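The primary structure of each chain is shown beneath.
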Amino acid sequence: MLRPAPTVRLLQAPLRGWLVPKAHISAKPARTPTSPAEQAIGLSVMFFSFLTPAGWVLAHLESYKSSSTH
């Protein structure tokens, strides 16, 4: 009969080398709070960085279709 203990140790061996550092989470408020202007700039930059490539592809979709048929 096979013993499960060596098999389990064999499967867990690669995981022993991976150390995950603890996150430094604090319940305190931020030392320097972000202003509404900084929040608006950050949100707009994220918005445009995600939607600009998608908009580019959608705007040029017809040219992509026609170039793939050649």
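Residues numbered from 1 in each chain as written. Predicted model: local features only at pLDDT ≥ 70, side-chain atom pairs only at ≥ 80, totals over all residues. Heavy atoms only, no water.

1. Remarks on the overall build of the chain
- Of regular secondary structure, the chain possesses 3 helices and 0 strands.
- For the chain, the α and β elements follow one another from N to C terminus as α-α-α.
- When each of the 70 residues of the chain is scored for burial, the buried share is 0%.
- If you sum the accessible surface of the chain, you get close to 7,300 Å²; carbon and sulfur atoms cover 71% of it. (Helix = DSSP H or I, 4+ residues; strand = E, 2+ residues; numbered from the N terminus. Buried < 20%, exposed > 50% of the residue type's maximum accessible area, 1.4 Å probe, protein only. Areas by Shrake-Rupley, 256 points an atom, 1.4 Å probe, with all protein chains shown as cover.)

2. Some words on the packing of aromatic side chains
- Summed over all chains, the structure comprises 1 aromatic pair.
- Ring geometry for F47 against F48: centres 5.4 Å apart, planes inclined by 80°, an arrangement best described as edge-to-face.
- On the accessibility criterion, F48 (51% relative accessible area) is exposed. (Phe/Tyr/Trp six-rings, centres within 6.5 Å; stacked < 30°, edge-to-face > 60°.)

3. Describing helix 2 (residues 36-59)
- Between the first and last C-alpha of helix 2 there are 32 Å, a value that for 24 residues agrees with the 34 Å anticipated at 1.5 Å per step.
- Along helix 2, the helix axis deviates most sharply at L51, where the bend reaches about 30°; the proline P53 sits within four residues downstream. (Expected span 1.5 Å × (residues − 1). Bend = angle between axes of the 7 residues up to and from the residue.)

4. Quick look at a nonpolar patch on the surface
- Together, M46, F47, F48, F50 and L51 make up an exposed nonpolar region whose accessible area comes to about 590 Å².
- With respect to the secondary-structure elements, F47 resides in helix 2. (Patch = residues over 30% accessible without salt bridge, like charges linked within 9 Å, V, L, I, M, F, W, Y side chains within 5 Å. Salt bridge = Lys/Arg side-chain N within 4 Å of Asp/Glu carboxyl O.)

5. Notes on the confidence of the model for the chain
- Summary statistics for the chain give a mean pLDDT of 82 and a share of 77% for residues scoring 70 or more.
- Across the chain, the element-wise mean pLDDT spans from 67 in helix 1 (residues 4-16) up to 96 in helix 2. (pLDDT = per-residue confidence, 0-100.)

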